[in-house]
Amino acid sequence: MDSNTSVNRNTFDNVMLPVYAPATFVPVKGKGSRVWDQQGNEYIDFSSGIAVTALGHCHPALVKALNTQGEMIWHTSNLFTNEPALRLAQKLIDSTFADRVFFANSGAEANEAAFKLARRYAITRHSPYKTKIIAFNNAFHGRTLFTVSVGGQAKYSDGFGPKPADIIHIPFNDLDAVKAVIDDHTCAVVLEPVQGEGGITPVDAEFLRGVRELCDRYKALLVFDEVQSGMGRTGSLFTYMQYGIVPDILTSAKALGGGFPISAMLTTDEVAQVMEPGVHGTTYGGNPLACAVAEAAFDVINTPEVLSGVQSRYEYIVTRLEEINQRYHVFTDVRGLGLLIGAELQPNYQGMAREFLAASVENGLMLLNAGPNVIRFAPSLVIPEDDLQQGMARFEKAVKQMVEVK
Ligand SMILES: *Cc1c(COP(=O)(O)O)cnc(C)c1O
């Protein structure tokens, strides 16, 4: 393998801000659902860079878009618009509830824009006191100070000083809890249709319908964070489409660029009207290079061939997980939607999800956790059957190893 071996995993501990604990190997090359490290070891990738590389690594259509746009123009700033951004925005609008798009660079930034927009809409249209945001325990919306504050995990938001105010957290999928706190001062209810980082918890259909009705009654906006659940991950372009409940604002990131950083906030004409030039922005957001790659990813993902392949892959993984569990009794629950699947560890293995990940790496498999007790499966939407089978076989070996050590 041709790579620069003057740096390695140990370098990380000397040069990087210590906010991550990366795996022991350094990936240098990827193709489809296979990845190779500095030593040439091969891995099957069920992590997709946290549900980002939805079409696998170096998909030919994305590489082509990157190269073609790379020779055209990379960046112009928001002082000028550009063709790839306009085309991508039009495609997002044509395929969703939305009339308007704002591009940014990360999920957190799309959510930051969404929360600012919801506040501004309520203040402009209704009252300066309509600022309360209702969010959910275990939710994850990103790492800016506003988004960690709306997120429902204190470990991410504590220790950084005063937080944005008027944000309330309640249990997920509990309609009575929403009824108890929603009022005329509420500007938005924010949720992930499948809680991702919080442990792979799909939203309940009845709950979602009830929340939509409450938002309408109290003139609050419904915001769906589809940063992880969107762009085909659960088998429809966005997960809201399966529930038939339409939000006022939706955010997308992760798979939107297939691995190139880009995010989007989608909304209606009515809500968009409260914005005007100068009130929000970003230097890179919607730059031609990112939008060209995202457009290519969108064109491949938003096809019946790709979206209809998600359910059969889901069934294969869940069936194999149940078989593995019959043999080794490691899970109390297997849940999820499409190719966002969580296996919750039983009490004997509490807090050990990262150890299962390390055992998987030893067996040539890249996996994710979702919190300390849930192992998360998020392979490419187009992962070949062979890679899926071999990946699950490698996972079974890792589980066997964990059970034997115990
Ligand atoms: C990953 C994630 C984010 C944050 O995205 P970044 O690109 O890391 O800022 C926000 N919301 C959800 C649901 C996510 O999964």
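Per-chain numbering applies: the sequence of each chain, read as written, is numbered from 1 onward. In keeping with the predicted nature of the model, local features appear solely for residues at pLDDT of at least 70, side-chain atom pairs appear and are counted solely at 80 or more, and the whole-chain, interface and lining totals rest on all residues. Note that water and hydrogens are dropped before the side-chain values are worked out from all heavy atoms of the structure.

- Identification of the chain as Acetylornithine/succinyldiaminopimelate aminotransferase from Limnobaculum parvum is taken from an unreviewed UniProt entry.
- UniProt positions are given in the numbering used here, feature names are shortened, and annotations may be inferred rather than shown by experiment. The UniProt entry for the chain carries this comment under Subcellular location (unreviewed entry): "Cytoplasm".
- The heading Sequence similarities (unreviewed entry) in the UniProt record of the chain holds the text "Belongs to the class-III pyridoxal-phosphate-dependent aminotransferase family. ArgD subfamily."

## Section: the packing of helix 13 (residues 304-328) against helix 15 (residues 385-405)
(1) Moving on: Where helix 13 contacts helix 15, the axes come no closer than 11 Å and their chain directions differ by 25°. Accordingly, the angle class assigned to the pair helix 13 and helix 15 is roughly parallel. The handedness of the crossing between helix 13 and helix 15 comes out as right-handed. In contact with Arg313, Tyr316, Ile317, Arg320, Leu321, Ile324, Arg327 and Tyr328 of helix 13, helix 15 contributes Leu388, Gln389, Met392, Ala393, Phe395, Glu396, Val399, Lys400 and Val403.
(2) Moving on: Amino acids outside the nonpolar list (Ala, Val, Leu, Ile, Met, Phe, Trp, Tyr, Cys, Pro) and the charged list (Asp, Glu, Lys, Arg) are all regarded as polar, and Gly is one of them. Considered class by class, the residues forming the contact of helix 13 with helix 15 number 11 nonpolar, one polar and five charged. Only the stretch in contact is used when fitting a helix axis, every axis being a line fitted to C-alpha atoms; angles between N-to-C directions are given from 0 to 180 degrees. Comment: elements are numbered from the N terminus, with helices defined as DSSP H or I runs of at least four residues and strands as E runs of at least two. Each angle receives one of four descriptions, namely roughly parallel if under 35 degrees, roughly antiparallel if over 145, roughly perpendicular if within 65 to 115, and oblique otherwise. Left-handed is the label given to a crossing in which the near helix is rotated counterclockwise from the far helix by less than a right angle, and right-handed is the label when the rotation is clockwise. Only heavy atoms matter for contacts: two residues are in contact if any of them lie within 4.5 Å across the pair.

## Description of the pattern of salt bridges
(1) Moving on: Any carboxyl oxygen of Asp or Glu that lies within 4 Å of a side-chain nitrogen of Lys or Arg is treated as forming a salt bridge with it. As enumerated under the stated definition, the model contains 22 salt bridges in all.
(2) Moving on: In this structure, lysine 91 engages aspartate 299 in a salt bridge whose closest nitrogen and oxygen atoms are separated by 2.8 Å. Note that lysine 91 is positioned in helix 4 (residues 83-95) and aspartate 299 in helix 12 (residues 288-301), a separation of 208 residues in sequence.
(3) Moving on: For arginine 327, the salt bridge identified is with glutamate 396, shortest N-O distance 2.5 Å. With arginine 327 in helix 13 and glutamate 396 in helix 15, the pair connects residues that are 69 residues apart, well separated along the chain.
(4) Moving on: Remark: exposure states derive from per-residue accessible area (1.4 Å probe, protein chains only) relative to the maximum for the residue type, with buried under 20%, exposed over 50%, and partly exposed in between. Judged by relative accessible area, arginine 327 falls into the partly exposed class, the value being 49%.
(5) Moving on: Among the charged side chains, a salt-bridge network with shared partners connects Glu83, Arg87, Lys91, Glu295 and Asp299.

## Section: the sheet that holds strand 17 (residues 374-377)
(1) Moving on: Strand pairing is assigned whenever DSSP detects at least two bridges linking the two strands. Reading across from one edge, 13-14-17-16 is the order of the four strands in this open sheet, with antiparallel pairing throughout. Strands with a single pairing partner mark the edges of an open sheet, and in this sheet they are strand 13 (331-337) and strand 16 (368-369).

## A word on the packing of helix 4 against helix 12
(1) Moving on: Running from N to C, helix 4 and helix 12 point in directions that differ by 35°, and their axes come no closer than 8 Å. Of the two possible hands of crossing, helix 4 and helix 12 adopt the one that is left-handed. Seen from helix 4, the contacting residues are Pro84, Ala85, Arg87, Leu88, Lys91, Leu92 and Ser95; seen from helix 12, they are Pro288, Cys291, Ala292, Ala294, Glu295, Phe298 and Asp299.
(2) Moving on: Of the residues contributing to the contact of helix 4 with helix 12, the split by class is nine nonpolar, one polar and four charged.

## Here's the deal with the layout of surface pockets
(1) Moving on: There is about 980 Å³ of room inside the second largest pocket.
(2) Moving on: Counting only elements with at least two residues in the lining of the second largest pocket, the list comes to helix 4, strand 4 (100-104), helix 5 (107-125) and strand 12 (263-267).
(3) Moving on: Here the lining of the second largest pocket takes five residues from helix 4, the largest share from any one element.
(4) Moving on: Its residues assigned to classes, the lining of the second largest pocket comprises 16 nonpolar, 16 polar and two charged. The distinction between a cavity and a pocket rests on a 1 Å grid over the protein atoms alone: a 1.4 Å probe fits inside a cavity but cannot get out, while a pocket stays open yet meets protein on both sides within 12 Å along at least five of seven lines, and a residue with an atom within 4 Å of a point counts as lining. Grid points are joined across faces, edges and corners, and a volume is the space filled by probe spheres set on the points.

## A few points about the UniProt feature "binding site: pyridoxal 5'-phosphate" (unreviewed entry) in the chain
(1) Moving on: Within the UniProt annotation, "binding site: pyridoxal 5'-phosphate" (unreviewed entry) is assigned to Gly107, Ala108, Phe140, Asp225, Glu226, Val227, Gln228 and Thr283. Spatial dispersion of the annotated residues is evident: they stretch over 177 residues in sequence, and the largest pairwise C-alpha distance comes to 24.8 Å. Within the annotated group, the residues that form the lining of the second largest pocket are Thr283.
(2) Moving on: The topology assignment puts alanine 108 in helix 5.
(3) Moving on: Looking at glutamate 226, the relative accessible area reads 0%, which means it is buried.

## Things to note about the packing of aromatic side chains
The geometry of an aromatic ring pair is captured by the separation of the ring centres together with the interplanar angle, meaning the angle of the planes.
(1) Moving on: Here is the rule: rings of Phe, Tyr and Trp (six-membered ring for Trp) pair when centre to centre is within 6.5 Å. Planes less than 30 degrees apart are stacked, more than 60 are edge-to-face, and the remainder are tilted. For the coordinates displayed, the defined rule picks out 11 aromatic pairs.
(2) Moving on: Arranged with centres 5.6 Å apart and planes meeting at 75°, the rings of tyrosine 349 and phenylalanine 356 form a pair that is edge-to-face. Side by side, tyrosine 349 and phenylalanine 356 carry an identical accessibility label, which is buried.
(3) Moving on: One aromatic cluster in this structure is built from Phe46, Phe331, Phe377 and Phe395.
(4) Moving on: If you follow arginine 143 out to its NZ or CZ, it ends over the ring of tyrosine 156, 4.1 Å from the centre. Placement of a positive charge over a ring is assigned whenever Lys NZ or Arg CZ falls within 6 Å of the ring centre and within 35 degrees of the normal to the ring plane.

## A look at the domain arrangement of the chain
Often, the extent of an interface is quoted as the loss of accessible area on bringing the components together.
(1) Moving on: Residue ranges assigned to the domains are those given by an automatic or database domain assignment. You can read the domains of the chain as domain 1 (9-58 + 304-405) and domain 2 (73-301).
(2) Moving on: Distance from the C-alpha centre of domain 1 to the C-alpha centre of domain 2: 27 Å.
(3) Moving on: Counting from both sides, the interface comprises 25 residues of domain 1 and, opposite them, 26 residues of domain 2.
(4) Moving on: Accessible area that two parts lose when put together, evaluated with a 1.4 Å probe and summed over both, is termed the buried area. Taking both partners together, domain 1 and domain 2 bury about 2000 Å²; carbon and sulfur atoms supply 64% of that area.
(5) Moving on: Summed over the three residues of domain 1 that lose the most area to domain 2, namely Leu307, Leu337 and Leu340, the buried surface amounts to 30% of that side.
(6) Moving on: For the salt bridge of glutamate 197 with arginine 376, the shortest nitrogen-to-oxygen distance reads 2.9 Å.
(7) Moving on: For the purposes of these results, a polar contact is taken to be a pair of N or O atoms within 3.5 Å, where, inside protein, one atom must be able to donate a hydrogen and its partner to accept one; residues adjacent in sequence count only when each atom of the pair is a side-chain atom. If you look at where domain 1 meets domain 2, you find six residue pairs in polar contact (both at pLDDT 80 or more).
(8) Moving on: At the level of elements, helix 2 (48-51), helix 13, strand 13, strand 14 (340-345) and strand 17 are the ones that each hand at least two residues to the side of domain 1 that touches domain 2.
(9) Moving on: Among the residues forming the side of domain 1 that touches domain 2, the class breakdown is 17 nonpolar, six polar and two charged.

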